[in-house]
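Listed below, chain by chain, are the residues.
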Amino acid sequence: ITAHMKDIFFKDCYIIRTCHVAMDLQIYNSGTTYIKGVLCENIHVETDLHADRPVYQKHDSQVYMNTDENYMPELIFIGNAYKFDKPKNKLGLPADVHFEDVTFKNIFVYGNRMPQSIVKTIDGHLEVKNVLFDGIFFNGKKAETFEEMNLDADFDKAELILKQ
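Residues numbered from 1 in each chain as written. Predicted model: local features only at pLDDT ≥ 70, side-chain atom pairs only at ≥ 80, totals over all residues. Heavy atoms only, no water.

1. Comments concerning the side chain of T121
Reasoning step 1: If you trace the backbone, T121 turns up in the loop between β6 (117-119) and β7 (126-138).
Reasoning step 2: T121 sits in the buried class, given a relative accessible area of 11%.
Reasoning step 3: Filtering out sequence-adjacent residues up to four positions away, T121 remains in contact with L126, V128, D154, K157 and A158. (Helix = DSSP H or I, 4+ residues; strand = E, 2+ residues; numbered from the N terminus. Buried < 20%, exposed > 50% of the residue type's maximum accessible area, 1.4 Å probe, protein only. Contact = heavy atoms within 4.5 Å.)

Right, dumping it as structure tokens:
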């Protein structure tokens, strides 16, 4: 199974509250996948002073207990469903995933601190090429560096561009 997805647009969106990832580009249980031409433009993201970490309920009697008072949902995630594992198809076999020509343009974040963004690569399995960050703003101030964006990435493997 091979999936080809291209020309995907998210424009003029307001994300009032998120509990996990605001802009999430990830693959789960697929064959080899090619994703090309993703545009996220004019996205406004509000973060809460306090956000509860998501928990998957395993049984009906499980009661939610927040154990991380400093939890902050992620702003951007590019990768596979399990951040550091090799992507696999439904049969459990390795599957290659390719992200190319992804643009985040005019992203406005409001809150008490900048959420982390993550871009992951895995040699031979997860490839990320030509990701452009064109105007990432936190409380009105444009991020001038990947550090100001709070970006965790494989900078030596992923092709990432921060437009000044």
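Don't stop here, the text continues.
2. Re the pattern of salt bridges
Where charged atoms from two side chains of opposite charge come close, those side chains can pair.
Reasoning step 1: Taken as a whole and assessed by the stated rule, the structure comprises seven salt bridges.
Reasoning step 2: Here K11 ties to E41 by a salt bridge, and the two come within 3.6 Å at their closest N and O atoms. In this pair, K11 is assigned in strand β1 (residues 2-15) and E41 in strand β3 (residues 32-46), connecting sequence segments 30 residues apart.
Reasoning step 3: K11 sits in the partly exposed class, given a relative accessible area of 46%. (Salt bridge = Lys/Arg side-chain N within 4 Å of Asp/Glu carboxyl O.)

3. Digging into the sheet that holds strand β9 (residues 151-153)
Reasoning step 1: If you walk across this open sheet you meet the four strands as β2-β4-β6-β9, and the pairing is parallel. The open sheet is flanked by β2 (21-27) and β9, the only strands paired with a single partner. For this sheet, the mean angle separating the axes of adjacent strands, direction not counted, is 10°.
Reasoning step 2: Both strand β4 (residues 74-80) and β6 contribute to a ladder of two bridges, which runs parallel. Within β6, the residue paired with I78 across the bridge is V119. (Pairing = 2+ DSSP bridges. Axes fitted to C-alpha atoms, helices over the stretch in contact; angles between N-to-C directions.)

4. As for the packing of aromatic side chains
Reasoning step 1: The tally for this structure, following the rule as stated, stands at four aromatic pairs.
Reasoning step 2: Seen from their ring centres, F104 and F133 are 5.6 Å apart, and the 10° between their planes marks the pair as stacked. Taken together, the positions of F104 in strand β5 (residues 97-110) and F133 in strand β7 put the pair 29 residues apart, joining distant regions of the chain.
Reasoning step 3: Given the relative accessible area of 0%, F133 is considered buried.
Reasoning step 4: Between F146 and F155, the ring centres sit 5.3 Å apart and the planes meet at 40°, which makes this aromatic pair tilted.
Reasoning step 5: Since its relative accessible area comes to 42%, F155 is described here as partly exposed.
Reasoning step 6: Three or more aromatic residues joined by ring pairs form one cluster here, namely F104, F133, F146 and F155. (Phe/Tyr/Trp six-rings, centres within 6.5 Å; stacked < 30°, edge-to-face > 60°.)

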